[in-house]
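Reading the structure
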Amino acid sequence: MALSFNGSGDFAEMKLDGVINPQNTQFTICAWVYNEELGTDAAREEVILTQKDKEGVGRMLLYLYPGEQATHYGSFLGGRPNTSSADAVKRGEWHHIAVTYNPADRSITYYVDGKVDATVYAPPFEKTLGDIRIGSHKTTRNYWHGKLDDLYIFRGILSPKEIQRLRAGKPLMFSNCFDQRILYYLSYNKIPASQMPAGISYLVSNSLLSHSLLDSNCHSNCSTYHRVVTHTQEAHHLNVCGN
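Figured I'd write up the structure that's included with this text. (Residues numbered from 1 in each chain as written. Predicted model: local features only at pLDDT ≥ 70, side-chain atom pairs only at ≥ 80, totals over all residues. Heavy atoms only, no water.)

Here we come to the overall build of the chain. Within the chain, the regular secondary structure consists of four helices and 17 strands. Looking at the chain as a whole, 54% of its 243 residues qualify as buried. For the chain, the share of sequence-separated contacts (at least 6 apart) that also reach a separation of at least 24 residues comes to 70%. With an accessible surface of roughly 10,400 Å², the chain has 48% of that area assigned to carbon and sulfur atoms. (Helix = DSSP H or I, 4+ residues; strand = E, 2+ residues; numbered from the N terminus. Buried < 20%, exposed > 50% of the residue type's maximum accessible area, 1.4 Å probe, protein only. Contact = heavy atoms within 4.5 Å. Areas by Shrake-Rupley, 256 points an atom, 1.4 Å probe, with all protein chains shown as cover.)

Printed below as a string of structure tokens:
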């Protein structure tokens with residue numbers, strides 16, 4: 001079971017306490033996604049992650065952008081659509097999506113299933129210190145219809161090898177501790193093996209978060225851990241809304 005959104009009212013919010021300001025923060029988002037919107041309803045925007053307004057303008061960080069010929073992944077940083085290739089979005093299947101955001105050169109790079117899909121260049125990224133919303137626009141519309149699992153937000157730009165490692169279900173480790181660049185991690189449950197893409201045997205499961213490395217070391221030594229969420233901790237750190 002993954003975190004599921006019905007496309008008509010479900011969303012969740014992460015409390016990130018202003019740690020991401022796109023104007024001057026390099027960051028990376030990774031997640032397994034499964035879109036369930038089919039038929040005529042597929043020709044609409046669906047927001048996976050957006051940042052809310054706070055001391056600036058929050059933008060959509062990752063959403064489905066319906067182009068004339070195909071649906072793309074997109075980001076609205078800089079106030080315009082910055083999109084992946086036309087072949088990136090495949091509905092009704094699990095896919096690993098990663099996006100890196102670099103305000104220094106205004107680049108946005110999309111990875112699909114561990115491979116670079118496209119790098120695009122946006123206008124200057126706007127400032128905001130807002131929290132992150134999962135599953136809808138900041139104004140509560142354009143709902144995501146599908147599932148989401150193993151969502152990471154990292155400070156900094158992950159390398160292609162690091163993104164491939166996450167796709168393979170292998171956590172990034174640093175000095176005997178979970179990677180200190182992690183700002184947020186959400187795993188709602190392991191995706192069933194029958195639904196996994198070919199060649200991927202497992203994902204990071206909730207049991208990993210209760211490992212002694214995290215309990216005994218990371219909370220005291222890794223100052224950049226702001227939110228670690230599992231299904232058992234969801235009520236404390238993740239606000240979920242829906243019909």
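The next point concerns the packing of aromatic side chains. What the rule picks out here adds up to four aromatic pairs. Geometrically, the ring pair formed by Tyr34 and Trp94 is tilted, given 5.4 Å between the ring centres and 55° between the ring planes. Of this pair, Tyr34 sits in strand 3 (residues 27-35) while Trp94 sits in strand 8 (residues 94-102), and the two are 60 residues apart along the sequence. On the basis of relative accessibility, which here comes to 18%, the residue Tyr34 falls in the buried class. Ring plane angle 15° and centroid distance 5.3 Å describe the contact between Tyr152 and Phe154, whose orientation is recorded as stacked. Note on Tyr152: relative accessible area 5%, which makes it buried. Of note, Arg133 hangs over the ring of Phe11, and the distance from its end group to the ring centre comes to 4.1 Å. The ring of Tyr34 carries Lys147 above its face, with NZ or CZ at 4.9 Å from the centroid. (Phe/Tyr/Trp six-rings, centres within 6.5 Å; stacked < 30°, edge-to-face > 60°. Lys NZ or Arg CZ within 6 Å of the ring centre and 35° of its normal.)

Take empty space enclosed by the protein next. Applying the stated criterion across every chain, the model contains two cavities of 30 Å³ or more. By volume, the second largest cavity is sized at about 50 Å³. As for the second largest cavity, its lining consists of Val33, Tyr34, Asn35, Leu64, Tyr73, Val89, Lys90, Arg91, Glu93, His95 and Trp144. In terms of residues, the lining of the second largest cavity owes the most to one element, strand 3, which gives three residues. Classifying every residue of the lining of the second largest cavity gives six nonpolar, two polar and three charged. (1 Å grid on protein atoms, 1.4 Å probe; cavity = no way out; pocket = protein on both sides within 12 Å on 5 of 7 lines; lining within 4 Å. Points joined across faces, edges and corners; volume = space filled by probe spheres on them. Nonpolar A, V, L, I, M, F, W, Y, C, P; charged D, E, K, R; others polar.)

Time to look at the environment of Phe5. Among the secondary structure elements, Phe5 is positioned in strand 1 (residues 3-6). Once the C-alpha coordinates of Phe5 and Tyr143 are considered, the two residues, 138 residues apart in sequence, prove to be 7.9 Å apart. Ignoring any residue separated from it by four or fewer positions in sequence, one finds Phe5 in contact with Asp10, Phe11, Ala12, Ile134, Gly135, Trp144, His145, Gly146 and Leu148.

Counting residues in hydrophobic clusters, the biggest one holds 38 residues, and the most contacted among them are Met14, Leu49, Tyr73, Tyr101, Ile108, Leu151 and Ile153. The element contributing the most residues to this core is strand 3, with four residues. Leaving out residues up to four positions away in the same chain, Tyr73 has contacts with Val33, Ile48, Leu62, Tyr63, Leu64, Asn82, Thr83, Ser84, Ala88, Val89, Ile97 and Tyr110. Cys30, Tyr111, Tyr152 and Ile163 belong to the second largest nonpolar core, which has eleven residues in total. (Core = buried A, V, L, I, M, F, W, Y, C linked by side-chain atoms within 4.5 Å.)

Glancing now at the side chain of Glu13. Within the element layout of this structure, Glu13 appears in strand 2 (residues 11-14). In this structure Glu13 comes out as buried when scored by relative accessible area, which is 8%. A distance of 3.1 Å separates the side chain of Glu13 from the side chain of Lys52, its partner in a polar contact. In terms of polar contacts, Glu13 uses its side chain to reach the side chain of Arg133, at 2.4 Å. (Polar contact = N/O pair within 3.5 Å; in protein donor to acceptor, adjacent residues only side chain to side chain.)

Turning our attention to the environment of Asp113. Residue position: Asp113 is located in the loop between strand 9 (107-112) and strand 10 (115-121). Counting along the chain gives 17 residues from Asp113 to His96, while the straight-line C-alpha distance between them is 4.7 Å. Dropping the residues within four chain positions of it, Asp113 is found in contact with His95, His96 and Arg167.

Let us now look at the side chain of Thr71. Structurally, Thr71 can be placed in strand 6 (residues 71-75). A distance of 3.2 Å separates polar atoms of two side chains, one belonging to Thr71 and the other to Arg91.

This part is about unusual backbone geometry. When glycine is set aside, most residues are seen to have a negative phi, and most peptide bonds are trans. In the Ramachandran plot, Asp113 falls in the positive-phi region, its phi being about 55° despite a non-glycine side chain. Its identity as a non-glycine residue notwithstanding, Thr140 has a phi of 60°, on the positive side. Along the chain, the position of Thr140 falls in the loop between strand 11 (132-134) and strand 12 (145-155). Exposure remark for Thr140: the relative accessible area of 34% places this residue in the partly exposed category.

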